[in-house]
Amino acid sequence: MGKHNLPSLMGHETGDKPQGEGRLHQYNESPVPTVSKFGPEIDNLWSAFSRSASLHPNNKCFGRRTGGAGPFEWKSYREVHESAVSVGSGLASFGVGSGDTFGVYGANSPEWALASLGGFARGCVCVP
């Protein structure tokens, strides 16, 4: 794999190069306007997920095997959306708000993804 750099519109180098490390980069606040092919209202992961939940509320969203290689048990987009909003409300009750970061520590699972969606519902940034 080749070396990757951020496009100049997204960030720029700052300060001196620390010994043994690469140069520090700072992200620009608003590099370019975000325009989704789905419309200007889809500008983050929560709005994309919410749109899918509103268009396909009964479709399968999160699945888990019930035992070994057995069949999956599914949660619909509606169920996951409602649960994510509840998780977001729980985060808010702890004082976590828009622009704040929160951590999720655990194995990949539907619950892990639900926790991150709950934060996205509140405009938070998930730090896995």
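The structure presented is a predicted model; accordingly, all values stated were derived computationally and were not measured.

**Q** Quick question: what am I supposed to make of the pattern of salt bridges here?
**A** Two side chains that carry opposite charge are able to pair once their charged atoms sit near each other. If you walk through the whole model with that rule in mind, you get one salt bridge. Arg64 is the salt-bridge partner of Glu111, the closest N and O atoms lying 2.7 Å from each other. Pair noted here: Glu111 is in helix α3 (residues 110-121) and Arg64 is in strand β3 (residues 60-65), with a separation of 47 residues, a long-range link. Among the residues examined, Arg64 registers a relative accessible area of 38% and is labelled partly exposed.

**Q** Would you mind showing me how to read the environment of Leu117 here?
**A** Mapped onto the elements, Leu117 comes out in helix α3. Each C-alpha atom, one on Leu117 and one on Val85, is 8.2 Å from the other, the two residues being 32 residues apart in sequence. If sequence neighbours within four positions are ignored, Leu117 has contacts with Trp46, Phe49, Phe62, Val80 and Ala84.

**Q** Please explain the pairing of β3 as it appears in this structure.
**A** Where a strand is regular, its side chains alternate between the two sheet faces. With five bridges joining them, β3 and strand β4 (residues 72-76) adopt antiparallel strand pairing. Note on β4: the bridge partner recorded for Gly63 is Trp74.

**Q** How do you make sense of the nonpolar core when you look at a structure like this?
**A** The tendency in soluble globular proteins is for nonpolar side chains to be buried side by side. Core analysis: the largest hydrophobic core is formed by eight residues, namely Trp46, Phe49, Cys61, Phe62, Val80, Ala84, Leu114 and Leu117. Here Cys61 is in contact with Phe49, Trp74, Lys75, Ser76, Tyr77 and Val80, once residues within four sequence places are set aside. Membership of the second largest hydrophobic core comes to seven residues, among which are Phe102, Val104, Trp112 and Cys124.

Quick notes on the rules
- Residues numbered from 1 in each chain as written.
- Predicted model: local features only at pLDDT ≥ 70, side-chain atom pairs only at ≥ 80, totals over all residues.
- Heavy atoms only, no water.
- Salt bridge = Lys/Arg side-chain N within 4 Å of Asp/Glu carboxyl O.
- Helix = DSSP H or I, 4+ residues; strand = E, 2+ residues; numbered from the N terminus.
- Buried < 20%, exposed > 50% of the residue type's maximum accessible area, 1.4 Å probe, protein only.
- Contact = heavy atoms within 4.5 Å.
- Pairing = 2+ DSSP bridges.
- Core = buried A, V, L, I, M, F, W, Y, C linked by side-chain atoms within 4.5 Å.

Spatial relationships are all this shows, so hold off on functional conclusions.
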